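Survey of secondary and tertiary structure
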Amino acid sequence: MLQLYIGNKNYSSWSMRPWVLMRQAGIVFEERLVRFDSFDAQSQFKQTLGAVSPAGKVPVLIDDGLVVSDSLAIVEYLAERFPELYLWPLAVHDRARARSACAEMHSGFGALREHLPMNIEASLPEIGERVLRERPDVVADVHRVQSLWCDLLARHNGPMLMGSFSIADAFFAPVVLRFKAYGVRVHPDVARYMDNVLALQGVRDWVDGALREHDFRAFEEPYRSAPPA
Ligand SMILES: N[C@@H](CCC(=O)N[C@@H](CS)C(=O)NCC(=O)O)C(=O)O
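With that out of the way, let us pick up the pairing of strand β1 (residues 2–6). If a strand is regular, its side chains alternate between the two faces of the sheet. Across the 5 residues of β1, 5 count as buried, placing the element largely inside the fold. Residues Leu2, Leu4 and Ile6 of β1 are buried on one face, and the alternating residues Gln3 and Tyr5, pointing to the opposite face, are buried as well. Summarising the sheet, β1 and strand β2 (residues 29–33) pair through 5 bridges and their orientation is parallel. Paired with Ile6 across the strands is Leu33, a residue of β2. Since β1 and β2 lie parallel, the crossover through helix α1 (residues 13–25) that links them has a hand, and here it is right-handed. Direction of pairing for β1 relative to strand β3 (residues 60–63): antiparallel, over a ladder of 3 bridges. Directly across from Gln3, in β3, lies its bridge partner Ile62.

Structural data, given as structure tokens:
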């Protein structure tokens, strides 16, 4: 059976992408959650991951001895392994658009990722307001995400970015959760899309898991202090 190595569900946005894709598409897999202790070479996380994948990061997919690391490589592999699921859109131009969106997410939006890190259990609208007041680079990322979503939603008439659920939605699901946690004010079409993503069973299952963790990791928490023991 396929095995997917992931990090803490509350924090690990890269892990969330292939996990949501597989759950939503009905691909059966075994989840191997490696808890974040730290990312130091001596950490339990690095020791465990190092034995699985030389890249030493989550997510990692194992398929009968084949090791696929990196979220984008994993979803590409899954699309080829399960062609009948059409994880990418069928039409070549649509597929190119979906891939462009995912590649932009994968290699970009650094300011958004750094200053509004995923934290599913948190509600930090006052932090979101402050960051957006003080950081034009984050504002630019938020605008770009919204215009990318609006263009695709208009072209495909929703409810998902490419019309029906695809890798593109799995790739942006963590951004939906960031916008939610930090109370980012969005265009009405974007708000509707966010509701659609949050209603996906794959996303709900991941969020439920994150909310059950109760595993505060200080090095992933720039804005909250540890709850009382
Ligand atoms: N480009 C990688 C990024 C993966 C990544 O940075 N994962 C984080 C957890 S969300 C990690 O394992 N970090 C460990 C480290 O940086 O050493 C991907 O798309 O999968």
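Still more to cover.
Applying the stated criterion to the full structure yields 14 salt bridges. A salt bridge links Lys9 to Glu31; the shortest N-O distance between them is 2.8 Å. With a gap of 22 residues between them, Lys9 in the loop between β1 and α1 and Glu31 in strand β2 connect regions that are remote in the sequence. Under the relative-accessibility criterion, Lys9 is labelled buried at 8%. Residue Glu31 is classed as partly exposed on the basis of its relative accessible area, which comes to 32%. Linking Asp215 and Arg217 is a salt bridge whose minimum nitrogen-to-oxygen distance equals 3.4 Å.

Inspection of every chain in the model, using the stated rule, returns 0 disulfides. Cys150 takes part in no disulfide bond, and the closest cysteine sulfur, belonging to Cys102, lies 17 Å away.

Another aspect to go through is the site of the ligand. Near the ligand you find Ser12, Trp14, Phe36, Phe39, Phe45, Lys46, Lys57, Val58, Pro59, Asp70, Ser71 and His106, and these make up its full shell. Measuring from a nitrogen atom of the ligand, one finds a backbone N or O atom of Val58 at 2.8 Å. Take Asp70: an N or O atom from its side chain is 3.0 Å from a nitrogen atom of the ligand. Burial of the ligand by the surrounding chains reaches 80%, relative to a free accessible area of 510 Å². For the ligand, the cavity whose grid points lie within 2 Å of the majority of its atoms is the largest pocket. Each residue belonging to the shell around the ligand can be placed in one class, and the counts come to 6 nonpolar, 3 polar and 3 charged.

Criteria and cut-off values
Residues numbered from 1 in each chain as written. Predicted model: local features only at pLDDT ≥ 70, side-chain atom pairs only at ≥ 80, totals over all residues. Heavy atoms only, no water. Buried < 20%, exposed > 50% of the residue type's maximum accessible area, 1.4 Å probe, protein only. Helix = DSSP H or I, 4+ residues; strand = E, 2+ residues; numbered from the N terminus. Pairing = 2+ DSSP bridges. Right-handed = clockwise from strand over helix to strand, strands pointing away. Salt bridge = Lys/Arg side-chain N within 4 Å of Asp/Glu carboxyl O. Disulfide = S-S within 2.5 Å. Near = heavy atom within 4 Å. Polar contact = N/O pair within 3.5 Å; in protein donor to acceptor, adjacent residues only side chain to side chain. Areas by Shrake-Rupley, 256 points an atom, 1.4 Å probe, with all protein chains shown as cover. 1 Å grid on protein atoms, 1.4 Å probe; cavity = no way out; pocket = protein on both sides within 12 Å on 5 of 7 lines; lining within 4 Å. Sits in = over half its atoms within 2 Å of the grid points. Nonpolar A, V, L, I, M, F, W, Y, C, P; charged D, E, K, R; others polar.

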